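Spelled out from the first residue to the last, the chains are:
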Amino acid sequence: MLPSEMALLAHGWPRKVATAAGNTAIAQGDVSASIQEEEYYLPGAHAARMLHRVRRAERMLLSYERCGWLDDTPSRLTGRQEIRPAAEMGPIILCLDTSGSMRGAREVVAKALALECMRGAHRQQRPCYLYAFSGPEQVQELELSVDVRSLDKLLGFLSCSFMGGTDVDRPLQLSLERLQKDEWSQADILMVTDGEIAPPSEALLEAICKAHDDLGLEVHGLLVSSQVSASMDKLCTHLHVFKSWSAVGAESWMY
């Protein structure tokens, strides 16, 4: 028995309570989707209930007993039910800064984020498109999917080093053009950069504002830097700052 389990037992192990006559089922191997612990444990046996839930989440239960379980009886509402609409998860457009100032730990973060976007989009069945940008007119396009051809291109991208200048106007213009396609109209943009960028043009800011009003576009910015730049503050509707530098073998004061 683990020390944590001994501590839980010391706070009061549950006693099985007598229940009204009804069907009883034994679930082997934790294959059932639900259980009413309150029918099995005495009121107040909170520590034991927590232990049961931990063991069930770890799939360490050999068996447990369900009392008063009726498989063929339809469920009925016993209280007020509130239904709220869920947000639709649209496609993801990733704009990734690959300029020379992104080399080092910032490059590691950027490449890891590209992999995570591909993985998350595949898990949630969402299209994902990458614009890797550096200097003017230097934009590499890549659709992030799990087919062999896309994975080969992604591996080639991840094996390259970052270099060049920084121009955010072109990748954002390409992203706005992609939003005009029906299958991408609900997409949001994620821009990853160190914030060392030139101020965006007024025409670009107006186009982003129009897309926000017409399509509900949101531009999320992830700054791999300790300082928030004024240019990113203008471009993004939501701005996030990367802080877990120790995870990539760096210190925050270096960036």
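Here, every reference points to the structure presented above.
Residues numbered from 1 in each chain as written. Predicted model: local features only at pLDDT ≥ 70, side-chain atom pairs only at ≥ 80, totals over all residues. Heavy atoms only, no water.

> Whenever I open this one, the overall build of the protein confuses me. Can you help?
The secondary structure content of the protein amounts to 7 helices and 8 strands. Expressed as a percentage of its 255 residues, the buried residues of the protein come to 39%. A sequence separation of at least 24 residues applies to 73% of the contacts in the protein between residues at least 6 apart. Counting only carbon and sulfur atoms, one obtains 53% of the accessible surface of the protein, whose full area is about 15800 Å². (Helix = DSSP H or I, 4+ residues; strand = E, 2+ residues; numbered from the N terminus. Buried < 20%, exposed > 50% of the residue type's maximum accessible area, 1.4 Å probe, protein only. Contact = heavy atoms within 4.5 Å. Areas by Shrake-Rupley, 256 points an atom, 1.4 Å probe, with all protein chains shown as cover.)

> When you look at the environment of L176 in this model, what are you seeing that I'm missing?
Locating L176 in the fold gives a position in helix α5 (residues 169-178). Through-space distance from the C-alpha of L176 to that of I93 is 9.8 Å; in sequence the pair is 83 residues apart.

> I would appreciate a short explanation of the environment of P91 in the present structure.
Here P91 shows up in the loop between β2 (63-67) and β3 (92-97). We classify P91 as buried; its relative accessible area is 7%. Dropping the residues within four chain positions of it, P91 is found in contact with R126, P127, E183, W184, Q186, A187 and D188.

> What's the story with the pattern of salt bridges in this structure? I'm lost.
Opposite charge on two side chains permits pairing when their charged atoms draw close. Evaluated as defined, the whole model comprises 6 salt bridges. Among the ionic pairs, D194 bridges to R106, the shortest N-O distance being 3.3 Å. Linking D194 in the loop between β6 (188-193) and α6 (202-215) with R106 in helix α3 (residues 105-123), this pair joins segments that are 88 residues apart in sequence. Judged by relative accessible area, which is 2%, D194 ranks as buried. You can call R106 buried: its relative accessible area is 7%. When the shortest N-O distance is used, the salt bridge between K111 and E107 registers 2.8 Å. With K111 and E107 both in helix α3, this residue pair falls 4 residues apart, about one helical turn. K111 gets classed as buried once you look at its relative accessible area, which sits at 15%. Taking the relative accessible area as the measure of exposure, E107 reaches 12% and is therefore buried. Residues joined in a network through salt bridges with shared partners are R106, D194 and E196. (Salt bridge = Lys/Arg side-chain N within 4 Å of Asp/Glu carboxyl O.)

> Is there a simple way to explain the packing of α3 against helix α4 (residues 148-158) in this structure?
In the contact formed by α3 and α4, the axes pass within 10 Å of each other and the chain directions differ by 165 degrees. With respect to α4, the element α3 is oriented roughly antiparallel. Of the two elements, α3 crosses α4, and the hand of that crossing is left-handed. Where α3 approaches α4, its residues K111, L115 and M118 are matched on the opposing element by L151, L154, F157 and L158. Partitioned by chemical class, the residues of the contact of α3 with α4 number 6 nonpolar, no polar and 1 charged. (Axes fitted to C-alpha atoms, helices over the stretch in contact; angles between N-to-C directions. Parallel < 35°, antiparallel > 145°, perpendicular 65-115°, else oblique. Left-handed = near helix turned anticlockwise from the far one by under 90°. Nonpolar A, V, L, I, M, F, W, Y, C, P; charged D, E, K, R; others polar.)

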